[in-house]
Structures are given as C-alpha cells and as structure tokens.
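Read off the chains here:
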Amino acid sequence: MKQTVGKMMGAKAWTLLLLALFALLPKAAMAQKFALIDMEYVLKNVPAYERANEQLNQVSKKWQAEVEALTTEAGTMYKNYQNEVVFLSEEQKKKRQEDIMAKEGVDESTAQSMLYTGGYTIEATVNPKMQTAMENLMLNTDDAYFPAGWHEEEVTSISDDDVQVMNEDGTPKTRTGDDGTVYYYRNVRTQAAMVTLDYDGNVLAMVGGLGEKTKSLSLNRAYSVTRQTGSTIKPIGAYALGIEYGLVNWSTMLNNSPLYQKQDMVIRDEDYCRKNGLMGLSDSQLKAYPNAWRSWPRNYGGNYGDNSDLPLWNGLARSLNTIAIRVGDLVGASNIFNFVYNTLQLNTLDPVNDVGLAQMVMGSQTHGVTPMALAAAFQIFYDGEYTTPHLYTRVLDRDGNIYLENNATSYQALTPQTAYIMNRLLKNVLYSNVGTASGRYPNSNGMESFGKTGTASDEKDLWFVGGTPYYVTAVWWGYDAPYDMTNTLGKNQAKTRTCVTAWKAYMEQVQANLPYKAFPTSDGVVERAYCTQSGLLAGANCPSRATGYYRADDLPDTCNYSHSSGVAAAQSADTAPVVGQDTTGLDTD
C-alpha cells in the first residue's frame, strides 16, 4: 500500500488523531513519534495546534456536546492507532536507520538523528485495518486464543516488568550457585507472534507479543526473534524440491517406516550413550555397542510408522516424519539448505550445523527463523515467486524526492507448475480428512486456503503458516526461553490447533468483505485419477481410485497390476471435503 499513514486515514480522521495526540502526549514524545509521519501532509491539512485550540475556545456552549463528542472520538482514535504509530516508530525506524547508515556511510547515532530531524515521509506497507484487527486478537483477552501456561523461570536478574516469585515470608525466592552466582525466579507465560504479508512481500500487519503493549521499545517476536521451525520447513524444502526436480509426485508411494533402522548403526541413541558414559566415543568405536543406536526418524507421538506404503500427499497432510525424510533423502540435505538459505533468504540458518536431514526436514535447527521470514518463504505457494519482505516502499525527503527505496527483490523460486501442485498438496492439511489441521479453514466467501502446522522438539515451539488467495500469515506460540509446553498445559492444550484457530479467526475478520478470489492455476498441471494401491495412474482394472495433480510433462506410468481386492483409502481434499467433523484427535504434527 503505497501511501503515508495520514493519507491512508483520511483528512477528518487524521485531524482528530492529531488533536488527540497534541492533547495527550508530551511535546518531546510528540516530536519523536511524528518524526516518522508525513509532516508536510500534516501542515497542509491540519491547523496548527494553537489555531485549533483557539477555535475550540471560541465554540459556544450550545456546541459543547459536539466538542465533547469529537474529543471522545479523537481519544478513541488515538488509542486505536497508538500501537500502529509505535509499530512504525520501532520496526520501520530500525530498518530505516540501517538503510540510512548504508546509504550515507554514517553511524547509528547520526542515522537516528537524520531520521528524526530530516523531514522524511515513509510510505508504509502496513494496512491499518488489518493491523488493528491483529492487535485486538493478540490482546488475547481472558486468554481467548493462547493459554497462559505460567511457570517459574530461573534468571540471574529481575527487571521491573517481571513477575517475581516470592517466598511465604515475603522475601524473593533465590538460589546461589557453586560459583557464587545468585539466581532469582520469575513467573512467565507463553508468548506468541503473528505476521501477515501479501504475495508482493508487503508486510501488512505484524504483532510481536501478547497483551497490551506497555513499552515503546519492546521485543518484537515476529520480526527479530528466531525459533526452530519444526515441520513447517517440510513443504518449502523437501517436498517442493522433490516435485520441482521430478523425483516424486502427488501419489508416489513411500514407506511409512524409519529411514535408518537400529541395526544400521547410523543414528546414535543419545540417551543410552549419556547414561552409559559413551558420549565421548567415535562412531567407529560405538559400533561395539549395538544398543547405542536407534531407528530414525520417529513420527509425532513416538511411533515409527506401520511399514505401509502411503501416497506422498497423505504423508504431507499428516506431517509424517517417516515420509518427509524419505523425500528429503532423495532431494539431498545440502540441496534443501541451499534453496531455503539462498533462494528463500532464510539466512538465520547455520551454514555449518544446519546442513542435515534433521534440520532441513524435521526443523531442529541451531537458531531457526523469524515468523516474518517464514511467512515470506510460503509466498512461493501462490505462483512460485518469492519477494523479499519489506515494511516500506519508499522514503521521501521534505521536498518529495525519493531518498530511499526498499531493496526488495522478486524472482521465480519455483516453476508455476510446482507451486500449484504444492498449493493443492497443502490444501489437504486443512481440507482432507487426515490433515493435521483438518476442518479448520477460514470461512471467507468460499475462498480456499492452504497451510502447514509445525512442532519443535518437546513442544517448545508451535507454528502454523497459512495462505489464502490474498494473504500469507505465520503464527508462532511458545515461551521466550524455550520450554516444553506440555509441562504446564498438558498434551491436550499444547497443540498447533491453537495457532490454527487464531489464524482462522483473523482471516475470517480481515477477509469478511473482500470479493471472491481464487489461487492462480497452471497450464502445465493436469488432474488425473490414480490407483490408490500402486500410486500409478489408474488403469482399467484398478478397483480403488483417487484424484491427484501432476505435471503434464511428467506423468506416472499407468497401473497394470493385478489387483486381488479393492482397498479403501484416505481421501484428499478434492475427493472428500471436510464438513463439520470432530478434529480433536488430528493434531499430530
């Protein structure tokens, strides 16, 4: 949205907001907050404060009711837009300072001074209505969306904002370490972050924490905090490249079992090694201990699969690690890393320690990624194009000349054919009867959606990334200091469905009045019936069939198997839409 905040709101609304700000903010705070707003627009369209004040003083008593109403309206608008102004003056200020430093070759202090006093206009990408809706949802009143899960956390210092744990006698609860360090305890709750982009990389709304904002410079978990991705990395890496390279297709049959068995002696059993003092041994030395190894991977919940062959779409919809790892093994961990790191710009991943199947398929990275970066990566499931996420389009100087333009880049990351097939595959997460978010799609004028759930090890990070024809949104939920949420909330509450439910509610609100829109299709993709037993295109004698999406230039062979009996199969979204079924047991990601 290439317009300033003032122009987005309209003259009357902007005037009311400014009157409220002049009345409610100290002059110093005003100067800081308005440094990022189009002051030229303000001066042209809004009377100076002294003039406005004089006019108000001259209003007769019979108009006092109207004045009071205007004041109330202004106060309400100030409250509604306060977080938006703070949003602009934090994340955009931070980014603009970095850009000015690079352009002018100056230090941070000089860049900050230029930003505050240079009379710049920032053309923001934020959508005020969407930002307000997201802020209201993330207020999380009465824990409506995200349960608190309070627990004690050990720290070396206590801040004024901390909920400190006290002993019964009123003294602080502490412990002294062997080295003399004094540890304190504070009560902490879960936190969350949400960010929405369009498919041009514009950041339309972003909230970095739960509850009402009490500081102007507080931690923005959507923009600046990295977390392990869990299974949300599966589609953007292994599955997308598997389709792109022609290694797998919609109905490729893959075995639901560990890639490595215990007897293969490939994956160490860390718990066994630790308990038996074997951690220091090399792999060759450890071969003498058969029980020091384990099968890998396991699926969510600890099972190793049932050794059955499943079509690829089913494994993705159910987020089975055993299936995803087999696809990732075909693609190669280094190829996946290069794609997500370089092409999708997930550059907070570790080039040394994250080049492995566990990190690139199951999401157990060293640092992980930010919600904003992950949302941007999922842009590719619209039409295959990736655009760098950005908070502004241009910065203009006081004379209206372009001072800075964002350095966003756009390019084709996947072919449109792969993007559309992946879009259909990820639709199954929400619409098929086996998806990890089955039935939890937004009701938005019949528009479709896609998504992927994700859970980091020990339920320390829970995710959902969802896309509609208009927007792509990432939702993260967890503790600031990673902690197993099942310890405080139990296994029934610590579920990705929490993130999905928040996304669904938000999408239903912001898309309520939007016209119907469909995802783009691709001329190079065709629908075909396939045999659910072989995964090949259905032949004349195949008793059980389903529909899949395939590249027209890379169709499977036609099945000519001799089938002794028909076998009923789980159905994809296009053959069995989900309507009002109980989905409480399906959060198995």
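Draft legend 1. Just the packing of aromatic side chains, in detail. As enumerated under the stated definition, the model contains 16 aromatic pairs in all. Centre to centre, the rings of Tyr-382 and Phe-519 are 6.3 Å apart; their planes meet at 65 degrees, and the pair counts as edge-to-face. Residue Tyr-382 is located in helix α17 (residues 380–383), and its partner Phe-519 is located in the loop between α20 (497–510) and β19 (525–531); the two are separated by 137 residues in the primary sequence. Take Tyr-382 and Phe-519: they sit in the same class, and that class is buried. Ring geometry for Phe-464 versus Trp-503: centroids 4.9 Å apart, planes at 55 degrees, classification tilted. Note that Phe-464 is positioned in strand β17 (residues 461–467) and Trp-503 in helix α20, a separation of 39 residues in sequence. Of the two residues, Phe-464 and Trp-503, neither departs from the other in class, the shared state being buried.

Draft legend 2. Structural context of the pattern of salt bridges. Taken as a whole and assessed by the stated rule, the structure comprises 14 salt bridges. Asp-271 is the partner of Arg-274 in a salt bridge, and the nearest nitrogen-oxygen pair spans 3.2 Å. Highlighted residues: Arg-274 and Asp-271, both in helix α10 (residues 270–275), separated by three residues, approximately one helical turn. We classify Asp-271 as partly exposed; its relative accessible area is 48%. Each of Glu-153, Asp-162 and Arg-186 takes part in one network of salt bridges that share partners.

Draft legend 3. Main features of the environment of Met-166. Residue position: Met-166 is located in the loop between β3 (163–164) and β4 (174–176). Residue class for Met-166 comes out partly exposed when judged on its relative accessible area of 41%. Between the C-alpha atoms of Met-166 and Tyr-185, which are 19 residues apart in sequence, the distance is 8.2 Å. Apart from residues lying up to four places away in sequence, Met-166 is in contact with Thr-171, Pro-172 and Lys-173.

Draft legend 4. Broad picture of the sheet that holds strand β14 (residues 402–405). Strand order in the open sheet made by the three strands is β1-β13-β14, with antiparallel pairing throughout. A strand with exactly one partner marks an edge of an open sheet, and here the two such strands are β1 (121–124) and β14. Going from strand to strand, the sheet's axes swing by 20 degrees on average, the running direction of each strand aside. Sheet topology note: the β1/strand β13 (residues 392–396) ladder contains four bridges and is antiparallel. Paired with Glu-123 across the bridge in β13 is Arg-394.

Draft legend 5. Representation of helix α13 (residues 321–331) within the structure. In terms of burial, α13 is largely enclosed, as nine of its 11 residues are buried. Looking at α13, one finds that the buried residues are Asn-321, Thr-322, Ile-323, Ala-324, Ile-325, Arg-326, Val-327, Gly-328 and Val-331. Turning to α13, the residues buried within the fold contact α9 (233–244), β8 (253–255), β11 (309–311), α12 (312–317), α14 (333–343) and α15 (357–361).

Draft legend 6. Highlighting a nonpolar patch on the surface. Where nonpolar side chains cluster on the molecular surface, the patch consists of Tyr-245, Leu-247 and Leu-330 and spans about 290 Å² of accessible area. Looking at where Leu-247 falls in the secondary structure, it is placed in the loop between α9 and β8. Given the relative accessible area of 40%, Leu-247 is considered partly exposed.

Draft legend 7. Expanded view of helix α18 (residues 416–431). Compared with an ideal rise of 1.5 Å per residue, which puts 16 residues at 22 Å, α18 spans 22 Å between its outermost C-alpha atoms and is within 8% of the ideal. With 14 of 16 residues buried, α18 lies mostly within the body of the structure.

Draft legend 8. Geometry of the nonpolar core. Ile-236, Leu-344, Phe-381 and Tyr-506 are the most contacted members of the largest nonpolar core, which has 114 residues in total. No other element matches the eight residues that α18 contributes to this core. Beyond its immediate stretch of four places on either side in the chain, Phe-381 contacts Pro-235, Ile-236, Ala-240, Leu-414, Ala-419, Met-422, Asn-423, Leu-426 and Phe-450. Tyr-120, Val-395, Tyr-403 and Leu-404 belong to the second-largest nonpolar core, a separate cluster that totals eight residues.

Draft legend 9. Representation of the packing of α9 against α14. With their axes 9 Å apart at the nearest point, α9 and α14 run at an angle of 115 degrees to one another. Pair α9 / α14 crosses with right-handed handedness. Along the contact surface, α9 presents Ile-236, Gly-237, Ala-238 and Leu-241, while α14 presents Asn-335, Ile-336, Phe-339 and Val-340. Classifying every residue of the contact of α9 with α14 gives six nonpolar, two polar and no charged.

Reading guide: rules and limits
- Residues numbered from 1 in each chain as written.
- Predicted model: local features only at pLDDT ≥ 70, side-chain atom pairs only at ≥ 80, totals over all residues.
- Heavy atoms only, no water.
- Phe/Tyr/Trp six-rings, centres within 6.5 Å; stacked < 30°, edge-to-face > 60°.
- Helix = DSSP H or I, 4+ residues; strand = E, 2+ residues; numbered from the N terminus.
- Buried < 20%, exposed > 50% of the residue type's maximum accessible area, 1.4 Å probe, protein only.
- Salt bridge = Lys/Arg side-chain N within 4 Å of Asp/Glu carboxyl O.
- Contact = heavy atoms within 4.5 Å.
- Pairing = 2+ DSSP bridges.
- Axes fitted to C-alpha atoms, helices over the stretch in contact; angles between N-to-C directions.
- Patch = residues over 30% accessible without salt bridge, like charges linked within 9 Å, V, L, I, M, F, W, Y side chains within 5 Å.
- Areas by Shrake-Rupley, 256 points an atom, 1.4 Å probe, with all protein chains shown as cover.
- Expected span 1.5 Å × (residues − 1).
- Core = buried A, V, L, I, M, F, W, Y, C linked by side-chain atoms within 4.5 Å.
- Left-handed = near helix turned anticlockwise from the far one by under 90°.
- Nonpolar A, V, L, I, M, F, W, Y, C, P; charged D, E, K, R; others polar.

Function-wise, these values are silent; they only describe arrangement.
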